[in-house]
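Per-entry structural report
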Amino acid sequence: MQRTLVKHALASDGPVDSILIQAWVRTRRDAKSFSFLELNDGSCLKNLQVIVDANLPDYLHIEKAATGASVGVTGKLVPSQGKGQSWEVIAESLTIVGESGTDYPLQKKGHSLEFLREVAHLRPRSNLFGCVFRVRSRVAYATHQFFQEQDFLYVHTPIITASDCEGAGELFRVSTLELKDVPLKDGEVDFSKDFFGRPSYLTVSGQLEGEVFATALSNIYTFGPTFRAENSNTSRHANEFWMIEPEVAFCDLEGDMDLAESIVKYLVRDTLEHCKEEVDFFNQFVEKGLIERLNFIVERPFVRVSYADAVTLLQQSGQTFEYPVEYGANLQSEHERYLTEVHYQCPVTVFNFPREIKPFYMRLNDDEKTVAAMDVLVPGIGEIVGGSQREERLEILDKNFETHGISKEDYWWYRDLRRYGSVPHSGFGLGFERMLMLLTGVGNIRDVIPFARTPGNAEF
Ligand code: 4AD
Ligand code: MG
């Protein structure tokens, strides 16, 4: 007999004479002449209730159908007498597939998120994490849908690279050199003896390679893992995270901001429409008012404010911040949150940042002081998108290499894009986990990624 997923059983159009469910036991309650099993197979939040009559021969091993055990049940799908579910199964056979010990860590009582991180290999079996990872899967699918519907091509940019796109030096080195016996040349490590014959790293962004493809295929996106060796232990930073990075030829900063706003809204709308059960769960147990907040994001245009105006606004806010607000400094998370949560109370796109605080590739504005950069900030999180129009003029790009202390010879291929058919082009990176935090209300990035990589943590 073919297996039926719990979500399909619960959504059945009518009774079914013979059904096979294979799932894990969430709970068992024993009555006098029968037992109730609550089964979950991760296909949806709700459990399927199974009634096992004490007269059934298989009832002999009912004790083994303990919380956490895996079972196979055949029987009839019938309208449920109890409340809370439409259908239940009257068992005709019960097979214990894999027993579970009484020390199974996920017992019925609720567990703290901290505890669940310590059992990251079991937490997908909890209600919260089942919901989070179903949403994660759907949002990945919707991301592809968003771009594919608009003729963007999906490009797989490399994970191992020799360049530091963001220039922040937060790179994980990739090397096969023997740590105990590193080859030296003139007192320095001789990377010509390393695997790739040069220093190489895990990518911090697929952007530079994305630009190569955008200046050939027009509209492209990458969507993959990126790595940053930053030692920040916050609820919004991970050392391995996924990024959605579109790159568009013949597009300026305005078009870039429009695209960023439109994908954020698209993903919110898609989640509200396709993950109703999960969003209701988050709204009830994670963040009261989540649905209202998501609807609000979809309905209103994001506010757009220049960096200079944002700084003035913060300085005149009368608010005391831990970090002072100064023109020329990066906006800190407390500043970002003031803008979105207190002042505008909606998502905000900040644009035109001072050139000194931004990477080499951003396009210099006519004022020669600012670059055509933008960040989308959202309430509760701060920055979820960072992007820019790219410098397409070779002379200015070369000056940027110089001021950033980057050897332009290393970027000969990137410079070639400006030498042969250069075009204005723009793109951005949307942090996939930050987007998920926005969609679920989950407050810590460690809880929206299957296995979080943070300083000191690479278990599992
Ligand atoms: O602003 P960032 O550093 O921009 C870039 O990497 C550009 N090269 C992207 C581009 O233009 N193609 O990062 C983009 C986004 C941030 O807005 C944030 O959402 C996310 O990536 N992000 C992180 N997410 C989790 N943990 C971290 N450590 C992150 N660093 C950035
Ligand atoms: Mg950024």
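Please refer to the structure higher up on the page.
Figured I'd write up the structure that's included with this text. (Residues numbered from 1 in each chain as written. Chains lettered and ligands numbered in written order. Predicted model: local features only at pLDDT ≥ 70, side-chain atom pairs only at ≥ 80, totals over all residues. Heavy atoms only, no water.)

**Some points on the overall build of the protein chain**
The helix and strand tally for the protein chain stands at 12 helices and 18 strands. Principal axes of the C-alpha set define a box for the protein chain whose edges measure 85 × 55 × 45 Å. Taken across its 460 residues, the protein chain has 51% of its residues classed as buried. Looking at the protein chain alone, contacts between residues at least 24 apart form 66% of all its contacts between residues at least 6 apart. Counting 47 positive and 67 negative side-chain charges, the protein chain places the centres of these two groups 4 Å from one another. (Helix = DSSP H or I, 4+ residues; strand = E, 2+ residues; numbered from the N terminus. Buried < 20%, exposed > 50% of the residue type's maximum accessible area, 1.4 Å probe, protein only. Contact = heavy atoms within 4.5 Å. Lys, Arg positive; Asp, Glu negative; His and termini not counted. Charge placed at Lys NZ, Arg CZ, Asp CG, Glu CD.)

**Here's the deal with the site of ligand 1**
Around ligand 1, the structure places 25 residues, and the nearest of them are Glu166, Gln207, Glu230, Glu245 and Glu383. Contact between ligand 1 and alanine 238: a nitrogen atom at 3.0 Å from a main-chain N or O atom of the residue. At 3.4 Å, a backbone N or O of phenylalanine 428 approaches a nitrogen atom of ligand 1. Burial of ligand 1 by the surrounding chains reaches 93%, relative to a free accessible area of 630 Å². (Near = heavy atom within 4 Å. Polar contact = N/O pair within 3.5 Å; in protein donor to acceptor, adjacent residues only side chain to side chain. Areas by Shrake-Rupley, 256 points an atom, 1.4 Å probe, with all protein chains shown as cover.)

**Quick word on the nonpolar core**
The tendency in soluble globular proteins is for nonpolar side chains to be buried as a group. Ranked by internal contacts, the top residues of the largest apolar core, which has 62 residues, are Val264, Met374, Ile384, Val385, Leu430 and Met435. A total of 11 residues in this core trace back to one element, the largest contributor, which is helix α3 (residues 127–149). Excluding residues within four positions of it along the chain, leucine 430 makes contact with Trp242, Met243, Ile244, Ile263, Val264, Leu267, Ile384, Val385 and Met435. Counting 32 residues, the second-largest nonpolar core is a separate cluster that includes Cys165, Leu171, Val311 and Phe401. (Core = buried A, V, L, I, M, F, W, Y, C linked by side-chain atoms within 4.5 Å.)

**Here we look at helix α10 (residues 394–403)**
For α10, the set of buried residues is Leu394, Ile396, Leu397, Asp398, Asn400 and Phe401. As for α10, its buried residues are in contact with α11 (412–419). After α10 finishes, the residue glycine 405 shows a positive phi value of roughly 65°.

**With respect to the packing of aromatic side chains**
This model, assessed by the stated rule, comprises 22 aromatic pairs. Relative to tyrosine 221, the ring of phenylalanine 147 has its centre 4.4 Å away and its plane inclined at 20°; by these criteria the two rings are stacked. With phenylalanine 147 in helix α3 and tyrosine 221 in strand β12 (residues 219–227), this pair connects stretches of sequence that are 74 residues apart. Classification of phenylalanine 147 as buried rests on a relative accessible area of 0%. Tyrosine 221 gets classed as buried once you look at its relative accessible area, which sits at 0%. With a centroid separation of 5.5 Å and 80° between ring planes, the pair formed by phenylalanine 223 and tryptophan 242 is classed as edge-to-face. Here phenylalanine 223, found in strand β12, pairs with tryptophan 242, found in strand β13 (residues 240–249); they are 19 residues apart in sequence, far enough to count as distant. Three or more aromatic residues joined by ring pairs form one cluster here, namely Phe146, Phe147, Phe152, Tyr154, Tyr221 and Tyr266. In this structure, lysine 358 is placed above the aromatic ring of phenylalanine 353, and the distance from its NZ or CZ to the ring centre is 4.3 Å. (Phe/Tyr/Trp six-rings, centres within 6.5 Å; stacked < 30°, edge-to-face > 60°. Lys NZ or Arg CZ within 6 Å of the ring centre and 35° of its normal.)

**Here's the deal with unusual backbone geometry**
A positive phi angle, close to 75°, is found at serine 218, a residue other than glycine. Note on placement: serine 218 falls in the loop between α4 (207–217) and β12.

**Describing the pattern of salt bridges**
This structure, assessed with the given rule, holds 27 salt bridges. Among the ionic pairs, arginine 304 bridges to aspartate 258, the shortest N-O distance being 2.8 Å. Taken as a pair, arginine 304 in strand β14 (residues 303–306) and aspartate 258 in helix α5 (residues 253–274) lie far apart in primary sequence, 46 residues in all. You can call arginine 304 partly exposed: its relative accessible area is 29%. Across the salt bridge formed by arginine 419 and aspartate 416, the nearest N and O atoms sit 2.8 Å from each other. Here aspartate 416 and arginine 419 lie together in helix α11, a separation of three residues that amounts to about one turn. Take arginine 419: its relative accessible area is 46%, and that puts it in the partly exposed class. Taken together, the salt bridges that share partners define one network made up of Glu254, Asp258, Glu261, Lys265 and Arg304. (Salt bridge = Lys/Arg side-chain N within 4 Å of Asp/Glu carboxyl O.)

**Some points on the sheet that holds strand β6 (residues 153–154)**
Here we have eight strands laid out as an open sheet, ordered β6-β12-β13-β18-β17-β16-β15-β14, and mixed in their pairing. Edge positions in the sheet fall to β6 and β14, since each of these pairs with one other strand and no more. With nine bridges connecting them, β12 and β13 associate as antiparallel partners. By the bridge assignment for β13, phenylalanine 223 is matched with isoleucine 244. In the packing of α3 onto the sheet, the strands contacted are β6, β12 and β13, and the crossing angle to β12 comes to about 155°. (Pairing = 2+ DSSP bridges. Axes fitted to C-alpha atoms, helices over the stretch in contact; angles between N-to-C directions.)

**Overview of helix α9 (residues 333–343)**
Every buried residue of α9 is listed here: His335, Glu336, Tyr338, Leu339 and Thr340. Buried residues along α9 sit against α8 (307–315), β15 (348–354), β16 (370–378) and β17 (382–389). Residue glutamine 345 follows α9 closely and has a positive phi angle near 50°.

**Observations regarding the sheet that holds strand β3 (residues 48–53)**
Strand order in the closed barrel made by the five strands is β1-β2-β3-β5-β4, with mixed pairing throughout. Strand after strand, the sheet turns through a mean of 50° between neighbouring axes, direction not considered. Sheet analysis places strand β1 (residues 16–30) next to strand β4 (residues 70–79), joined by seven bridges and oriented antiparallel. Residue pairing in the sheet places tryptophan 24 in a bridge with serine 70 of β4.

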